[in-house]
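Per-entry structural report
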Amino acid sequence: MDKEALIPQLGVVKEIEEMTPDVKTFRIVGPDGNKLFDQIPGQCGMLSMPGVGEGMFSITSSPTERRYQEFSIKRCGHLTTWLHGMEEGQEICIRGPYGNGFPVDTDFKGKDMLFIAGGIGLAPVRSVINYCRAHRENYGKMDIVYGSRSKEDLCFIKEIQSEWVNTPNCDVWLTIDREEEGWDGHVGFVPNYVQELNFSTDKICVICGPPVMIHFTLQGLKKLGFTESQVYTTLEMRMKCGIGKCGRCNVGDKYVCKDGPVFRCDQLDLLPPEY
């Protein structure tokens, strides 16, 4: 790890965009107006404010975004509530990047890609999707399955409808949990929808969302014929200090922050049962 990643930098919240009633995207730059550091898809950053707290969050933007880093954050606790109260132009401390990221330039290159996300789980997956879109010639067919509780809880919906659906050789499949007025798309849970779509197994799969969604989606993928070595996920929610010192994310001889947060699902099978 670059030792500079251990030192907090001063960031400025350049823009804030409300994605859903409880999710906001923060675009952060340095005091000079430039991007603070480079990252690879799937890496994380530590956001902190003295006297309030600190937390690890996925970097939502792709490395191909050269103007700023984006963090899409769900309001769910003390720190995130404080962050949601920030205004554009305010300063914040940031350090990173942390973690291993997705193997976009090795294992994924030249492959058909299947992205599956639920709720705020689209945040870390979005960085991979937009990286593949920016380097479209390096990847095959792209399928994106995304679901949320309701239509108003669909993150990045403007980007999905204006950009993703117009990406060459890319299909986007949206679903919400229950029927509601004004929604004429698919209704149902993500794991069931994945099985309905009956994808061919010649793909690499990236999945992120609530643990229960991941569990049942992985079961469904296995029924379709996928192997766990084809499926990648990220466990950034388990990261704490980010540098392997606090011991709060270690399982057996693995640290989520140092060995992850991105893992193939067959690698997770090797972890102790208490995980």
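Structural data are supplied above this passage.
Residues numbered from 1 in each chain as written. Predicted model: local features only at pLDDT ≥ 70, side-chain atom pairs only at ≥ 80, totals over all residues. Heavy atoms only, no water.

Looking now at the sheet that holds strand β2 (residues 23-29). As summarised here, the arrangement of the six strands in space is β4-β3-β6-β1-β2-β5, forming an open sheet in which the pairing is antiparallel. Because the sheet does not close on itself, it has two edges, and the strands there are β4 (53-58) and β5 (69-74). For this sheet, the mean inter-axis angle between neighbouring strands, taken without regard to orientation, is 40°. The sheet contact formed by β2 and β5 spans six bridges and is antiparallel. Bridge assignment links Arg27 to a residue of β5, and that residue is Glu70. (Pairing = 2+ DSSP bridges. Helix = DSSP H or I, 4+ residues; strand = E, 2+ residues; numbered from the N terminus. Axes fitted to C-alpha atoms, helices over the stretch in contact; angles between N-to-C directions.)

Moving on, we come to the sheet that holds strand β10 (residues 186-187). Spatial strand order, β10-β9-β8-β7-β11-β12-β15: seven strands in an open sheet with mixed pairing. The open sheet has two edge strands, β10 and β15 (262-264), and neither has a second partner. Bridging between strand β11 (residues 203-208) and strand β12 (residues 231-234) involves three bridges; their strand directions are parallel. Directly across from Ile207, in β12, lies its bridge partner Thr233. The strands touched by helix α2 (residues 122-134) are β7 (112-118), β8 (142-148), β11 and β12; relative to β7, the strand with the most contacts, the crossing angle is about 155°. (Contact = heavy atoms within 4.5 Å.)

A word on the nonpolar core. The biggest cluster of nonpolar side chains holds 32 residues, and the ones touching the most others in it are Phe108, Phe115 and Leu122. Elements with a contribution of two residues or more to this core: β7, α2, β8, β9 (170-176) and β11. Of the residues forming this core, the biggest block, six residues, is contributed by α2. Sequence-distant contacts of Phe108, defined by excluding residues within four places in its chain, comprise Phe102, Pro103, Met113, Val128, Tyr139, Ile204, Val206 and Tyr232. (Core = buried A, V, L, I, M, F, W, Y, C linked by side-chain atoms within 4.5 Å. Buried < 20%, exposed > 50% of the residue type's maximum accessible area, 1.4 Å probe, protein only.)

Scope: geometric values only; no functional claims are made or implied.
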